[in-house]
Amino acid sequence: GQSLEQPSEVTAVEGAIVQINCTYQTSGFYGLSWYQQHDGGAPTFLSYNALDGLEETGRFSSFLSRSDSYGYLLLQELQMKDSASYFCAVRDKGENQGGKLIFGQGTELSVKP
Amino acid sequence: DARVTQTPRHKVTEMGQEVTMRCQPILGHNTVFWYRQTMMQGLELLAYFRNRAPLDDSGMPKDRFSAEMPDATLATLKIQPSEPRDSAVYFCASGRQGGVDEQYFGPGTRLTVT
């Protein structure tokens, strides 16, 4: 089966750096995605890592280690608006071409002044 | 600014009634996904389509749920009869060719079944 583990909640202060970890177990692996969801809103795609290493997009970076089945999302220069839930997701190879995304339970990030 | 649209945004209905949710994917996207989100279960995939063909609906209770894509601009999710445990937010998402990893979500339909 497939499973993803991420912390249920993280708290940090404005201007700080926070790292949200994700470990996964899948029958097949293509890559690791990250999504952001504000309270009452829709999930929004943040990043995708297919290869090992760090991908940077502005204040957000995402890292993947395929050998460790591990990745993380790094948020720098935290702002109040970053308070949201963050989901990691992996594509299950599945029976059908292309597979489907399996989402973690989400990490609720609270940014304090 | 291309977006996925969903209607209705909110729906309150009584147990036993039929509920139909609609989704318009982003023009040019050929994969469409239906998800259900609850506090207890998180984000669950119900069904997904590629080029209007259903590829996977293993997450959907077949006895009461059905999903279709009558054409490339419309996806529907129907519940008949609805039950209180169906209360959740239902999201539609679309993706580009092969776009499983990068999905664009609609605003969701918040369903309450009393």
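Residues numbered from 1 in each chain as written. Chains lettered and ligands numbered in written order. Predicted model: local features only at pLDDT ≥ 70, side-chain atom pairs only at ≥ 80, totals over all residues. Heavy atoms only, no water.

Participant: Outline the overall build of chain A, listing residues and values.
Facilitator: Looking only at helices and strands, chain A has zero helices and eleven strands in total. Reading the helices (α) and strands (β) of chain A from amino to carboxyl end gives β-β-β-β-β-β-β-β-β-β-β. For chain A, the C-alpha radius of gyration of 14 Å lies close to 13 Å, the compact-globule estimate for 113 residues. Considering chain A as a whole, with its 113 residues, one finds that 47% of them fall into the buried category. When contacts within chain A are restricted to residue pairs at least 6 apart in sequence, long-range pairs at least 24 apart make up 56% of them. Accessible surface computed for chain A: about 5600 Å², of which carbon and sulfur atoms make up 44%. Averaging the locations of the 7 positively and 13 negatively charged side chains of chain A gives two centres separated by 6 Å. (Helix = DSSP H or I, 4+ residues; strand = E, 2+ residues; numbered from the N terminus. Rg over C-alpha atoms; globule rule 2.2 N^0.38 Å. Buried < 20%, exposed > 50% of the residue type's maximum accessible area, 1.4 Å probe, protein only. Contact = heavy atoms within 4.5 Å. Areas by Shrake-Rupley, 256 points an atom, 1.4 Å probe, with all protein chains shown as cover. Lys, Arg positive; Asp, Glu negative; His and termini not counted. Charge placed at Lys NZ, Arg CZ, Asp CG, Glu CD.)

Participant: Describe the sheet that holds strand S7 (residues 65-71) of chain B, naming the residues involved and giving the relevant values.
Facilitator: All names here are of chain B. Within the open sheet, the four strands sit side by side as S1-S3-S8-S7. Their pairing is antiparallel. Unpaired on one side and paired on the other, strand S1 (5-7) and S7 mark the two borders of the sheet. The sheet shows a mean angle of 20° between the axes of neighbouring strands, direction not considered. Where S7 lies against strand S8 (residues 74-79), five bridges are found, and the strand directions are antiparallel. Counted as the bridge partner of Phe65 is Ile79 from S8. (Pairing = 2+ DSSP bridges. Axes fitted to C-alpha atoms, helices over the stretch in contact; angles between N-to-C directions.)

Participant: Any details on the packing of aromatic side chains? Residues and values, ideally.
Facilitator: A full pass over the atoms with the stated rule returns 15 aromatic pairs over all chains. Seen in terms of ring centroids, Tyr24(A) and Phe29(A) are 4.5 Å apart; in terms of plane orientation they differ by 5°. Their pairing is stacked. The exposure class assigned to Tyr24(A) is buried, which follows from its relative accessible area of 5%. Each member of the aromatic cluster is reached from another via a ring pair, and the members are Tyr35(A), Phe45(A), Phe87(A), Phe103(A), Phe33(B), Tyr35(B), Tyr48(B), Phe91(B) and Phe105(B). Over the face of the ring belonging to Tyr30(A) we find Arg91(A), whose NZ or CZ atom lies 3.9 Å from the ring centre. (Phe/Tyr/Trp six-rings, centres within 6.5 Å; stacked < 30°, edge-to-face > 60°. Lys NZ or Arg CZ within 6 Å of the ring centre and 35° of its normal.)

Participant: Lay out the interface of chain A and chain B with the relevant residues and their values.
Facilitator: Taken residue by residue, the interface counts 18 residues in chain A and 20 residues in chain B. Together, the buried faces of chain A and chain B total about 1600 Å²; carbon and sulfur atoms form 51% of this surface. There are zero salt bridges connecting chain A and chain B. Summed over the shared surface of chain A and chain B, the result is two residue pairs in polar contact (both at pLDDT 80 or more). Mapped onto the side of chain A that touches chain B, the elements with two or more residues apiece are strand S4 (32-37), strand S5 (44-49), strand S9 (84-92) and strand S10 (100-103) of chain A. (Buried area = accessible area lost by both parts, 1.4 Å probe. Salt bridge = Lys/Arg side-chain N within 4 Å of Asp/Glu carboxyl O. Polar contact = N/O pair within 3.5 Å; in protein donor to acceptor, adjacent residues only side chain to side chain.)

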